[in-house]
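Remarks on the overall topology
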Amino acid sequence: GDFDLSNKNFSLYLLENSNSSHFLEAYQYKLVIADRFRDGARKHLFNQEKLPKVFSDRDEAVTLYDEIISQLPSHNLGMKALFHKAELLQEDGQFKQSREAYQSLIRKFPRSDLALQSYVKISALLETQAEVDFQNPDILQLAELNISRFTKDFPKATKLHQEAKQHLQNMQELFANGLFETGQLYERMSYPKAACIYYNEAI
């Protein structure tokens, strides 16, 4: 349960035994440790075993994911680390960085199951982003482009296509509602021409 100390020792092991038969096994453990930090595992104060575990550090998870990605860029462990990193960034509201990580996975592992899942994750991410920034039309265009690429790369995943399209429809409702409310505002202010612009844009 001392994940920071465990990681420290795995790093020392890899530094001294880079050609070891346990190379992959060590990185498997590092991936588990990264996931524990992502879930809120605590670290020892000053990384000292005798001191208490007093704080969690999700940034440590990102650092570990990046290490695995750089050391195993074409391996399944690297792919998993990239996916988990994207999920963590998504959870923390770092939408652009998360989307870029998902897209990187899709480029590197285009036929993998995690690439398929990444497309759905991107659609959900963009819907969440739209709730925060509902006046940014670029988000809607990104969602449409994501679905277009998704259906092209995974034409048989019809159930997941529908899930992604539902995210898009929810976003369209958000944007339309924002435009409609702005139109109503101008109408109340006796600016009918300005109101019509927003109503037409909503349509």
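Read on for a plain summary of the structure. (Residues numbered from 1 in each chain as written. Predicted model: local features only at pLDDT ≥ 70, side-chain atom pairs only at ≥ 80, totals over all residues. Heavy atoms only, no water.)

Here we come to the overall build of the protein. Along the backbone of the protein there are nine helices and two strands. Its helices and strands in sequence order give the protein the pattern α-α-β-β-α-α-α-α-α-α-α, from N to C terminus. Taken over the C-alpha trace, the protein has a radius of gyration of 22 Å; the compact-globule value for 203 residues is 17 Å, which it surpasses by more than 25%. Principal-axis analysis of the C-alpha atoms places the extent of the protein at approximately 75 × 45 × 20 Å. Within the protein, the fraction of its 203 residues that count as buried is 40%. A separation threshold of at least 6 residues defines the contact pool for the protein, and within that pool the share at least 24 residues apart is 53%. The positive charge centre, built from 24 side chains, and the negative charge centre, built from 28, are 4 Å apart in the protein. (Helix = DSSP H or I, 4+ residues; strand = E, 2+ residues; numbered from the N terminus. Rg over C-alpha atoms; globule rule 2.2 N^0.38 Å. Buried < 20%, exposed > 50% of the residue type's maximum accessible area, 1.4 Å probe, protein only. Contact = heavy atoms within 4.5 Å. Lys, Arg positive; Asp, Glu negative; His and termini not counted. Charge placed at Lys NZ, Arg CZ, Asp CG, Glu CD.)

On to the packing of aromatic side chains. Overall, the coordinates contain nine aromatic pairs when judged by the stated rule. Judged by centre distance (5.0 Å) and plane angle (15 degrees), the rings of phenylalanine 10 and tyrosine 29 are stacked. Taken together, the residues phenylalanine 10 in helix H1 (residues 3-16) and tyrosine 29 in helix H2 (residues 23-38) connect sequence positions 19 residues apart. When the ring of tyrosine 186 is compared with that of tyrosine 198, the centres are 5.5 Å apart and the planes differ by 15 degrees; the resulting orientation is stacked. (Phe/Tyr/Trp six-rings, centres within 6.5 Å; stacked < 30°, edge-to-face > 60°.)

This brings us to the nonpolar core. If you look at the biggest cluster of nonpolar residues, it comprises 48 residues, and the most contacted ones within it are Tyr65, Ile68, Leu105, Leu126, Phe150, Phe154 and Met171. Of all the secondary structure elements, the ones that give two or more residues to this core are H2, helix H3 (58-71), helix H4 (76-91), helix H5 (95-108), helix H6 (113-132), helix H7 (137-153) and helix H8 (158-188). Ranked by residue count, the leading element in this core is H6, at nine residues. Every residue in contact with tyrosine 65, bar those within four places of it in the chain, is listed here: Leu31, Ala34, Asp35, Arg38, Ala81, His84, Lys85 and Leu88. (Core = buried A, V, L, I, M, F, W, Y, C linked by side-chain atoms within 4.5 Å.)

Turning our attention to the environment of isoleucine 139. As for its placement among the helices and strands, isoleucine 139 is situated in helix H7. Along the backbone, isoleucine 139 and glutamine 129 are 10 residues apart, and their C-alpha atoms lie at a distance of 7.7 Å.

Attention shifts here to the pattern of salt bridges. The final tally for this structure, using the stated rule, is eight salt bridges. Residues lysine 121 and glutamate 87 are paired through a salt bridge, measuring 3.1 Å at the closest nitrogen-oxygen approach. Placement of the pair is lysine 121 in helix H6 and glutamate 87 in helix H4, with a sequence separation of 34 residues. Classification of lysine 121 by relative accessible area gives partly exposed; the value is 27%. Within this structure, Arg38, Arg58, Glu87, Glu91, Asp92 and Lys121 form a network of salt bridges that share partners. (Salt bridge = Lys/Arg side-chain N within 4 Å of Asp/Glu carboxyl O.)

Together, Leu185, Met189 and Tyr191 make up a nonpolar patch on the protein surface, roughly 300 Å² of accessible area in all. Examined against the element boundaries, tyrosine 191 turns out to sit in the loop between H8 and helix H9 (192-202). (Patch = residues over 30% accessible without salt bridge, like charges linked within 9 Å, V, L, I, M, F, W, Y side chains within 5 Å. Areas by Shrake-Rupley, 256 points an atom, 1.4 Å probe, with all protein chains shown as cover.)

What follows concerns unusual backbone geometry. Both trends apply: most residues other than glycine have a negative phi, and most peptide bonds are in trans. Positive phi outside glycine occurs at serine 190, with the angle close to 65 degrees. Inspection of the secondary structure puts serine 190 in the loop between H8 and H9.

Another aspect to go through is H4. For H4, with 16 residues, the first-to-last C-alpha span of 23 Å sits near the 22 Å given by 1.5 Å per residue. Across the 16 residues that make up H4, a large majority, 13, are buried. Phi turns positive, to about 75 degrees, at glycine 93, one or two residues after H4. (Expected span 1.5 Å × (residues − 1).)

At a closest axis distance of 11 Å, the pairing of H4 and H6 adopts a crossing angle of 10 degrees. As far as their axial angle goes, H6 and H4 are roughly parallel. Listed contacts from H6 to Met79, Lys80, Phe83, Glu87 and Gln90 of H4 are Leu114, Gln117, Ser118, Lys121, Ala124 and Leu125. Here the contact of H4 with H6 is built from residues that sort into five nonpolar, three polar and three charged. (Axes fitted to C-alpha atoms, helices over the stretch in contact; angles between N-to-C directions. Parallel < 35°, antiparallel > 145°, perpendicular 65-115°, else oblique. Nonpolar A, V, L, I, M, F, W, Y, C, P; charged D, E, K, R; others polar.)

Right, let's talk about the packing of H3 against H4 for a bit. Where H3 meets H4, the axes come as close as 8 Å, and the angle between the chain directions of the two elements is 150 degrees. Classified by the angle their axes make, H3 and H4 are roughly antiparallel. Of the two elements, H3 crosses H4, and the hand of that crossing is left-handed. Side by side, H3 and H4 meet where Arg58, Ala61, Val62, Tyr65, Asp66, Ile68 and Ile69 of the first sit next to Leu77, Gly78, Ala81, Leu82, His84, Lys85, Leu88 and Glu91 of the second. (Left-handed = near helix turned anticlockwise from the far one by under 90°.)

Read these as layout, nothing more, since geometry by itself doesn't imply function.
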